[in-house]
Amino acid sequence: MKGNWMGVFESALRPTSWLAPIALVAGLLAPSFAAAGEPFIHANEPIHPGCVHALAMHAGDVIPVITTVSLEGCRSSARTQAKIQRDGDVLFIEDEILLGEGTFGYRHLASLDNGIFILAIRRTGPEGSLRVSLAAMLKTTQPVLRSGEVGTTPVVETLGEVWLKDTRQASIRAAGNVVHYSVGIGPSRREATLDFSRIGKALRK
């Protein structure tokens, strides 16, 4: 999956001349952005930040180290022992064993028409530093053998992730399967479009 989608995610970055701004920063993401479509949940509960942590890139990574996580397996693992906390619409955890110091959390920004979830991921360091990325993830199933019979288990896969290098000003808008975002202010402002239509068509084959 990583080999199939990472190139699409990265090559989808294209300049765009417009962007209806919906602020993402000021504590990560302003609560005025209403996540659309299917919620990012499993077993009627928000997916634990510890499971998203297993999927996300970390400092120094070029590509995600792990691209698929079993939701059932993650729910019963040490990754979900930390209590979920909230900062507005951001779900985050403080877990000394998993994170060292600091926090890790995410906000579900949008659910696209083709079932892809767009998340903003927030990492804070012990000294108060803030790092934010924009990630595309897919909830799907994989075959599993139980008691001699083949069944399926729910998983989440990382399709791609983009680090936002300048979080002083960031905005995003999702329309259909296209995500428009911008980061930075003044001359350093960067606007881009990520079109997930190709991934959606491939997923339906």
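Residues numbered from 1 in each chain as written. Predicted model: local features only at pLDDT ≥ 70, side-chain atom pairs only at ≥ 80, totals over all residues. Heavy atoms only, no water.

1. A closer look at the sheet that holds strand β12 (residues 190-195)
Sheet strands pair via backbone hydrogen bonds, and the direction of the pair is either parallel or antiparallel.
And then number 1: The sheet built from three strands is open, its strands ordered β10-β11-β12 with antiparallel pairing. Either end of the sheet is taken by a strand with one partner, and the two such strands are β10 (170-175) and β12. When strand polarity is set aside, the average angle formed by the axes of neighbouring strands in this sheet is 15 degrees.
And then number 2: Pairing of strand β11 (residues 178-183) with β12, which is carried by six bridges, proceeds in the antiparallel orientation. Paired with V183 across the strands is R190, a residue of β12. (Pairing = 2+ DSSP bridges. Helix = DSSP H or I, 4+ residues; strand = E, 2+ residues; numbered from the N terminus. Axes fitted to C-alpha atoms, helices over the stretch in contact; angles between N-to-C directions.)

2. Digging into the nonpolar core
And then number 1: Counting 20 residues, the largest nonpolar core has I116, I118, L134, I172, Y181 and F196 as the members making the most contacts within it.
And then number 2: Within the residue set of this core, elements represented by two or more residues are β7 (116-124), β8 (130-146), β9 (149-164), β10, β11 and β12.
And then number 3: Here this core gets four residues from one element, more than from any other, and that element is β8.
And then number 4: Ignoring sequence-local partners within four residues, the contact set of I118 consists of R107, H108, L109, A110, L112, L134, A135, A136, I172, V179 and F196.
And then number 5: Listed in part, the 19 residues of the second largest apolar core include I47, L55, F104 and Y106. (Core = buried A, V, L, I, M, F, W, Y, C linked by side-chain atoms within 4.5 Å. Buried < 20%, exposed > 50% of the residue type's maximum accessible area, 1.4 Å probe, protein only. Contact = heavy atoms within 4.5 Å.)

3. Some thoughts on the sheet that holds strand β3 (residues 68-70)
And then number 1: Taking strand neighbours across the sheet as the criterion, the seven strands line up as β3-β9-β8-β7-β6-β5-β4 in an open arrangement whose pairing is antiparallel. The open sheet has two free edges, formed respectively by β3 and β4 (85-87), since each of these has just one partner strand. For this sheet, the mean angle separating the axes of adjacent strands, direction not counted, is 35 degrees.
And then number 2: Sheet topology note: the strand β6 (residues 103-111)/β7 ladder contains eight bridges and is antiparallel. Bridge pairing in β7 links G105 to R122.

4. Regarding the pairing of β10
Sheet faces and side chains relate simply in a regular strand, where the side chains alternate between the two faces.
And then number 1: Two strands pair when backbone bridges link them, and β10 and β11 are joined in this way by six bridges, in the antiparallel orientation. Pairing of I172 across the sheet is with Y181, part of β11.
And then number 2: Connecting the antiparallel pair β10 and β11 is a turn made up of two residues, with G176 showing a positive phi of about 65 degrees.

5. Observations concerning the pattern of salt bridges
And then number 1: Taken as a whole, this structure holds five salt bridges when the rule is applied.
And then number 2: The salt bridge involving R122 is made with D87; its shortest N-O contact spans 2.9 Å. With R122 in strand β7 and D87 in strand β4, this pair connects stretches of sequence that are 35 residues apart.
And then number 3: Its relative accessible area of 36% is what places D87 among the partly exposed residues.
And then number 4: Between D89 and R107 there is a salt bridge, with its nearest N and O atoms 2.9 Å apart. (Salt bridge = Lys/Arg side-chain N within 4 Å of Asp/Glu carboxyl O.)

6. Description of the confidence of the model for the protein chain
And then number 1: Of all residues in the protein chain, 75% attain a pLDDT of 70 or more, and the chain-wide mean is 77.
And then number 2: Under a pLDDT of 50 for its full length, residues 1-35 has, in the predicted model, 95 contacts with residues more than four places off or in other chains. (pLDDT = per-residue confidence, 0-100.)

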